[in-house]
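What follows is the residue order along each chain.
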Amino acid sequence: MYDLIILGGGPGGYHAAGLAAKAGLKTTLFEKRSLGGVCLNEGCIPSKALLHSAKIFDYAKGEGAKYGVNCKEAALDYPAAVARKDKVVATLITGIESTLTKAGVEIIRELGVIKGKAAGGFQVEAAGKGYTARYLLICTGSEPVIPPIKGIEAAMQSRDILALTEIPRTLAVIGGGVIGLEMASLFNSAGSKVTVYEMTDKVAGPFDREISDALQKVYEKKGVAFKLGTAVGDVAALGVEKTLCCVGRKPAITGFGLEALSIPVQKGAVLTDEFMKTGVPGVFAAGDVNGKYMLAHTAYREAEVAVNNILGRRDMMEYHAIPTVIYTNPEAAGIGHTLESAKEQGIAATETKLPLYHSGRYLAENEGGNGVCKLVWSGNRLIGGHILGNPASEIVSTLSALLYRETSAEQIKKIIFPHPTVAEIIKEAVYHA
């Protein structure tokens, strides 16, 4: 008899397992594949490792000349970059397993399937063996959306493209969201002729339109072609060596026995409240499976909320300050409302916009950069922030803290930012409001 059974070893699952075990709960985690889920094995980490190699190569093959650094005969050893990526992933997986084991988590490398209620809790079966626990946490993650396109079975998914060891001469990317743009960036730097196909009239999904348009122009100058408002009908008709399909992901809810407990599902996702509770007492869900924000950092926080409530510590999930990053070169990041989304929700909002060259650090490190910082306000309260330029992924962490605390302009003015940092642009933008 366990206190907690967790289905799925992705960010939400393994983080919850560690927290629960450290708090004294007898915890078991079921994961048939590698620990780390999509993020560690086919998303966040492997893509960033390869994108970093691509960024170094960009500087070596010509961009470094802007800074007085010239390299002759620079070459990208892509198989070596992939080998390094694999090493990074393996190191992190080993670290997660070691941490969980030391915390006392029992890791079962099988598919756990819910069988129903049992005396004192819930029953899960794996490889013909039954397990019972007082609480159940569903962290089964997500899976790729496969659109009804002729020949789509020949296209790669993110896991496939990150495993390539040779650079395709031509690459079609179906989907201009975060994953599509990052892979377009990677293979453009590596030497592929890349074309991005996107059904809507803009890339980067709900990102601030001005920033997504600016990012598109950066990559058009680098040679990436964009076909917006274009629905692909036949993969073969694209006439390219390789095709990547990345039109989105959907919660993974089938094959885990959710129906055995009649767990409520809405729009293809497990329905959860702000306490991460499902409609079945004692059953919680966190991460991509609830379909709210399919981001690893959201799953981490949802896992914390779920475990805290299992332990009797009241905790609530808040979704108004969750950042999103596109790790292209330059990076783009956003959090909270855009001016457009605020107005769509009837919020009287204003916007402050300031070029990043107002930051001395940015100007020193980004020759010819066209970065921008945009802050969105409801009265005197910050409700959104959006950045184009390196290192947007780090700056947005500051914005996350400010939005979470619903910080006012006057409060931001009192914060002392280290100088010189690009993050100072936030305070500069407030003074330019």
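Look a little higher up for the structure.
Every value quoted in this text rests on a predicted model; they were computed, and no experiment measured them.

Participant: Report on the packing of helix 1 (residues 11-22) against helix 4 (residues 78-103), specifying residues and quantitative values.
Facilitator: Where helix 1 contacts helix 4, the two axes come as close as 9 Å, and the packing angle between them is 25°. With respect to each other, helix 1 and helix 4 are oriented roughly parallel. In this structure, helix 1 meets helix 4 at a crossing whose hand is left-handed. Contacts between helix 1 and helix 4 involve Y14, A17, G18, A21 and K22 on the former and, on the latter, I96, L100 and A103. Of the residues contributing to the contact of helix 1 with helix 4, the split by class is six nonpolar, one polar and one charged.

Participant: So, the sheet that holds strand 8 (residues 170-174): which residues are in play, and what are the values?
Facilitator: In space, the four strands of this open sheet follow the order 10-9-8-11, with parallel pairing throughout. Lying at the two open borders of the sheet, with one neighbouring strand each, are strand 10 (225-228) and strand 11 (242-245). Each strand of the sheet is rotated relative to its neighbour by a mean of 15°, with strand direction disregarded. When strand 8 meets strand 9 (residues 193-198), the two strands line up parallel, connected through five bridges. Bridge assignment links V173 to a residue of strand 9, and that residue is V196. Helix-sheet contacts for helix 6 (residues 178-190) involve strand 8, strand 9, strand 10 and strand 11, and the interaxial angle to strand 9 is about 170°.

Participant: With reference to specific residues and values, describe the environment of V325.
Facilitator: Structurally, V325 can be placed in strand 16 (residues 324-326). Taking the C-alpha atoms as reference, V325 lies 21 Å from A286; in sequence the two are 39 residues apart. When near neighbours in sequence (up to four residues on either side) are disregarded, V325 contacts V178, E182, A332, A333, S393 and V396.

Participant: Lay out the nonpolar core with the relevant residues and their values.
Facilitator: With 34 residues, the main nonpolar core has I161, L171, L186, F187, V194 and L244 as its most contacted residues. Every residue in contact with L171, bar those within four places of it in the chain, is listed here: M156, I161, F187, S192, K193, V194, T195, V240, K242, T243 and L244. Membership of the second largest hydrophobic core comes to 29 residues, among which are A16, V105, V307 and M317.

Participant: Account for the sheet that holds strand 17 (residues 332-336), with residues named and values stated.
Facilitator: In spatial order, the strands read 16-17-20-19-18; together these five strands make up an open sheet with antiparallel pairing. Only two strands of the sheet have a single partner each, and these edge strands are strand 16 and strand 18 (350-355). Between one strand axis and the next, the sheet turns through 15° on average, direction left out of account. With six bridges connecting them, strand 18 and strand 19 (residues 372-378) associate as antiparallel partners. Following the sheet pairing, K353 is matched in strand 19 by K374. Here helix 7 (residues 209-221) sits on the sheet in contact with strand 16, strand 17, strand 18, strand 19 and strand 20 (381-388), set at roughly 5° to strand 20.

Criteria and thresholds
- The residue numbers shown here count from 1 along each chain, following its written sequence.
- Restriction of local features to residues with pLDDT of at least 70 applies here, the model being predicted, together with a cutoff of 80 or more for giving and counting side-chain atom pairs; totals for whole chains, interfaces and linings are based on all residues.
- Heavy atoms throughout the structure, all of them, feed into the side-chain values; hydrogens and water do not.
- Fitted lines through C-alpha atoms give the axes, limited to the stretch in contact for helices. The angle between two N-to-C directions lies from 0 to 180 degrees.
- Under the scheme used here, helices are H or I runs from DSSP no shorter than 4 residues and strands are E runs no shorter than 2 residues, and both carry numbers assigned from the N terminus.
- Geometric relationships in this document are graded by angle, where less than 35 degrees denotes roughly parallel, more than 145 denotes roughly antiparallel, 65 to 115 denotes roughly perpendicular, and other angles denote oblique.
- Put simply, a crossing is left-handed when the front helix is turned counterclockwise from the back one by less than a right angle, and right-handed when it is turned clockwise.
- In what follows, a contact means two residues having at least one pair of non-hydrogen atoms within 4.5 Å.
- Classification used: nonpolar for Ala, Val, Leu, Ile, Met, Phe, Trp, Tyr, Cys and Pro, charged for Asp, Glu, Lys and Arg, polar for all others including Gly.
- A pair of strands is labelled paired if DSSP reports no fewer than 2 bridges between them.
- To form a nonpolar core, buried Ala, Val, Leu, Ile, Met, Phe, Trp, Tyr and Cys residues must be joined to one another through side-chain atoms within 4.5 Å.
- When a residue's accessible area, from a 1.4 Å probe over protein chains only, is under 20% of the maximum for its type it is buried; when over 50% it is exposed; and in between it is partly exposed.

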